[in-house]
Amino acid sequence: MEVIRTVKVKLDVPDERCDDLHQTKQQFLHCANTTAEWAWRHPTDYCVTSKQKAEKALYEGLRNETELTANLVQKGIRRAIEATKSGVARLKKGDNTSQPHFDAWSVVYDKRSATFHRDHVSLSTVNGRVECDYVIPDDAEGTPIGEYLLNEDYEFRMSTLQYDRQTESFYLHARMRRVESDEQSTTTSDVHQTSSDAAHQNAKRSEDAKHRTVLGVDLNVDGSLAVTSTGAFIGNADEMNHRRREFEKTRGSMQQTGTRSAHLSIQSMKDREHRWMQDELHRASNQILEEARDHDCTHIAFENLTDIRKRMAGAKRFHAWAFRRLYQYTEYKAEMFGIEVEQVSPAYTSQRCSSCGFTHENNRRSKHQFVCQKCEYELNADYNASKNIARKLLKKLHSGQKSSGGGAPCQCALPSGTLNLNGDFHAYSVTESEGESTDKPTTSVVGY
Ligand SMILES: [Zn+2]
């Protein structure tokens, strides 16, 4: 399991550079708010939740408008898209929500826009870099600063810079991740190794290991065609059903006339219908790929597609066909990006609570609403299932690793950590934005 700790440390900012940080914050929030406005233009029918689309549309403009580095502009855009995604999930659930707005003093820094040291940090600003010493108390031992910030076993991850108006002080909320250690090799075979050597070796090993990030996809015969573990609701199965029904009705009545021209009309209608369906499935597979790439996924997990009609109530032959097509499209497009697509057993994925793991058939209140009987976690049922599907592949990958002696870290792509459907994304909290995996993938499972 991943160990991540957030440590708040006060920064000693040179007086003459404070304004550079305030300006940086101003422009960073401008990027986020511009993006949120753009993404939220049509909340009733379409919000943009693809980071790639947002970057393509806004990046150049924001780069010209601001004096921020490329990385900070990108982080501003991404932060807004994460919030938009949470908002869309709330809308789907029928909750009231509005366009995300950012006014809290907060700037996201990662290893490209900051250089983290054990005693100071170098931050990129609108006016070059600024070096800030940490204000480390004398008795840091036993405090989070001593335990994590000063501890070489922990490395810096994406962190945030914040400002406290009352004390007029800047704080770094440093996110520290424990460097994975393989106990056997460091404690038994290399007993003479010094601890710093060991830490170095471990750091190197975790760098070498290929990170694995899984996107889970749940397929449905009604509602959204596909729902991902990152909270994207893709395609419209209801519309597909409706078109299919209309088509069959018309075909039925035309067949009764039995003329040659009726036969030809049926054929052209069939072709048109087929093309429409294929276009829909291409679009859906593109969106799944976008989600996977946005979250740096290495794997996409689908439910096992055989016997789909047996498993899903109300599934028709054309559903099985559509799911297979969607799978095939996704698979061959994923290959171009080096992403693997796999199937896992669907057993219990709709009954298991993705929060606490409690599995029971009564957990599902209605077709699209999941309520855990144990921890009362409540969320969209398909979204819950998609997280369980991701987890299944994760477990499979993990156990496969053990036997081959690997040790590559695995994780599951979720929106900003766990999606808190009751959370207020205006106050998009530090912890939430820190949980997002837009940076380099981290080890193991996020959100479980
Ligand atoms: Zn639960």
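Look above for the structure.
What counts and what doesn't
- One numbering rule holds for all chains: residues counted from 1, following each sequence as written.
- The model is predicted, so local features are restricted to residues of pLDDT at least 70 and side-chain atom pairs to those at 80 or more, both for listing and for counting; the totals for chains, interfaces and linings are taken over all residues.
- Excluding hydrogens and water, the side-chain figures rest on all heavy atoms present in the structure.
- Excluding water, the donors of a metal are its N, O and S neighbours within 2.8 Å, or within 3.2 Å for Na, K and Ca, and that exclusion means sites may look incomplete.
- Every angle between 85 and 135 degrees makes a four-donor site tetrahedral, while opposite donors more than 155 degrees apart, with all other angles between 65 and 115, make a four-donor site square planar and a six-donor site octahedral; other sites are irregular.
- Secondary structure elements follow DSSP: runs of H or I no shorter than four residues count as helices, runs of E no shorter than two count as strands, and numbering proceeds from the N terminus.
- For every residue, the accessible area obtained with a 1.4 Å probe (protein chains only) is divided by the maximum for its type, and the residue is called buried under 20%, exposed over 50%, and partly exposed between those limits.
- Working definition of a nonpolar core: buried Ala, Val, Leu, Ile, Met, Phe, Trp, Tyr and Cys residues. They are joined through side-chain atoms within 4.5 Å.
- The contact rule is simple, with two residues in contact once any of their heavy atoms fall within 4.5 Å.
- To estimate how far a helix should extend, the number of its residues minus one is multiplied by 1.5 Å.
- Any carboxyl oxygen of Asp or Glu that lies within 4 Å of a side-chain nitrogen of Lys or Arg is treated as forming a salt bridge with it.
- When DSSP finds two or more bridges between a pair of strands, those strands are recorded as paired.
- Lines fitted to the C-alpha atoms define the axes, with helices restricted to the stretch that makes contact. Angles between their N-to-C directions range from 0 to 180 degrees.
- Throughout, the term roughly parallel applies to angles under 35 degrees, roughly antiparallel to angles over 145, roughly perpendicular to angles from 65 to 115, and oblique to all others.
- Take the far helix as the reference: if the near one is turned anticlockwise from it by less than a right angle, the crossing is left-handed, and if turned clockwise, right-handed.
- Here the nonpolar group is Ala, Val, Leu, Ile, Met, Phe, Trp, Tyr, Cys and Pro; Asp, Glu, Lys and Arg are the charged ones; every other residue, Gly included, is treated as polar.

## Description of the coordination of the zinc ion
- For the zinc ion, the protein coordination sphere consists of Cys 353 (SG), Cys 356 (SG), Cys 372 (SG) and Cys 375 (SG), at 2.3 to 2.4 Å.
- Relative to the metal, the four donor atoms surrounding the zinc ion lie at angles of 107 to 111 degrees, and the coordination shape comes out tetrahedral.
- Read from N- to C-terminus, the donor residues coordinating the zinc ion fall into the pattern C-x2-C-x15-C-x2-C. Here Cys 356, found in the loop between strand E12 (340–344) and strand E13 (364–366), pairs with Cys 375, found in the loop between strand E14 (369–371) and strand E15 (378–380); they are 19 residues apart in sequence, far enough to count as distant.
- Of the residues examined, Cys 375 reaches a relative accessible area of 34% and is grouped as partly exposed.

## What to know about the nonpolar core
- If you look at the biggest cluster of nonpolar residues, it comprises 49 residues, and the most contacted ones within it are Leu 11, Val 121, Leu 123, Tyr 134, Leu 149 and Leu 161.
- Ranked by residues supplied to this core, first place goes to helix H1 (residues 18–39) with eight residues.
- Look past the residues within four positions of Leu 11 in its chain and what remains in contact with it is Val 121, Leu 123, Cys 132, Asp 133, Tyr 134, Val 135, Leu 161, Phe 170, Tyr 171 and Leu 172.
- By size, the runner-up hydrophobic cluster in this structure holds 34 residues, among which are Val 221, Ile 288, Tyr 329 and Ile 339.

## Examining the environment of Gly 235
- Within the fold, Gly 235 resides in the loop between strand E10 (233–234) and helix H7 (237–257).
- Judged by relative accessible area, which is 32%, Gly 235 ranks as partly exposed.
- Taking the C-alpha atoms as reference points, Gly 235 and Gln 287, separated by 52 residues in sequence, lie 8.9 Å from one another.
- Here Gly 235 is in contact with Gly 223, Ser 224 and Leu 225, once residues within four sequence places are set aside.

## Describing helix H10 (residues 317–336)
- With 20 residues, H10 extends 30 Å from end C-alpha to end C-alpha; this agrees with the ideal 28 Å at 1.5 Å per step.
- All buried positions along H10 are accounted for by Phe 318, His 319, Ala 320, Ala 322, Phe 323, Leu 326, Tyr 327, Tyr 329, Thr 330, Lys 333 and Ala 334.
- Tucked inside the fold, the buried residues of H10 contact strand E8 (212–219), H7, helix H8 (260–294), strand E11 (299–303), helix H9 (308–311) and E12.
- Positive phi appears at Gly 338, one or two residues downstream of H10, with a value of about 70 degrees.

## Focus on the environment of Gln 278
- Mapped onto the fold, Gln 278 is located in helix H8.
- Residues Gln 278 and Tyr 329, spaced 51 residues apart in sequence, show a C-alpha to C-alpha distance of 9.7 Å.
- In this structure Gln 278 touches Trp 321, Arg 325 and Tyr 329, once residues within four positions along its chain are discounted.

## Considering the pattern of salt bridges
- In this structure the tally under the stated criterion is 17 salt bridges.
- For Arg 244, the salt bridge identified is with Glu 248, shortest N-O distance 3.3 Å. Of the two residues, Arg 244 and Glu 248 both sit in helix H7, four residues apart, roughly one turn of that helix.
- Several salt bridges converge on common partners, so that one network encompasses Lys 75, Asp 110 and Arg 112.

## Notes on the sheet that holds strand E7 (residues 169–178)
- Sheet architecture is open: seven strands sit in the order E2-E6-E7-E1-E5-E4-E3, paired in antiparallel fashion. The open sheet has two edge strands with one neighbour each: strand E2 (106–109) and strand E3 (114–116). On average, each strand axis in the sheet is inclined to that of its neighbour by 30 degrees, with strand direction left out of account.
- Bridge count for strand E4 (residues 120–125) against strand E5 (residues 128–135) is six bridges, and the pairing is antiparallel. Bridge assignment links Ser 122 to a residue of E5, and that residue is Glu 131.
- Each of E2, E4 and strand E6 (154–164) is contacted by helix H3 (residues 70–92), which is oriented at about 115 degrees to E2, the strand it contacts most.

## Some words on the environment of Ala 83
- Its location among the elements puts Ala 83 in helix H3.
- Taking C-alpha positions, Ala 83 is 9.6 Å from Ala 32, a pair spaced 51 residues apart along the chain.

## Considering the sheet that holds E14
- In spatial order, the strands read E13-E14-E15; together these three strands make up an open sheet with antiparallel pairing. The open sheet is flanked by E13 and E15, the only strands paired with a single partner. On average, each strand axis in the sheet is inclined to that of its neighbour by 30 degrees, with strand direction left out of account.
- Sheet topology note: the E14/E15 ladder contains three bridges and is antiparallel. Directly across from Val 371, in E15, lies its bridge partner Glu 378.

## Some words on the packing of H1 against helix H2 (residues 51–65)
- Between H1 and H2, whose axes approach to 11 Å, the crossing angle comes to 140 degrees. The orientation of H1 with respect to H2, classified from their angle, is oblique. Classified by chirality, the crossing of H2 by H1 is right-handed. Each of His 30, Cys 31, Thr 34, Thr 35 and Trp 38 in H1 lies in contact with H2, whose residues at this interface are Lys 53, Ala 54, Ala 57, Leu 58, Leu 62 and Glu 65.
- In terms of residue class, the contact of H1 with H2 is built from six nonpolar, three polar and two charged.

## Focus on H8
- Helix length check: H8, at 35 residues, gives a terminal C-alpha distance of 51 Å against a target of 51 Å (1.5 Å per residue), a fit within 8%.
- Once H8 ends, the next one or two residues include Asp 296, with phi positive near 50 degrees.

Scope: geometric values only; no functional claims are made or implied.
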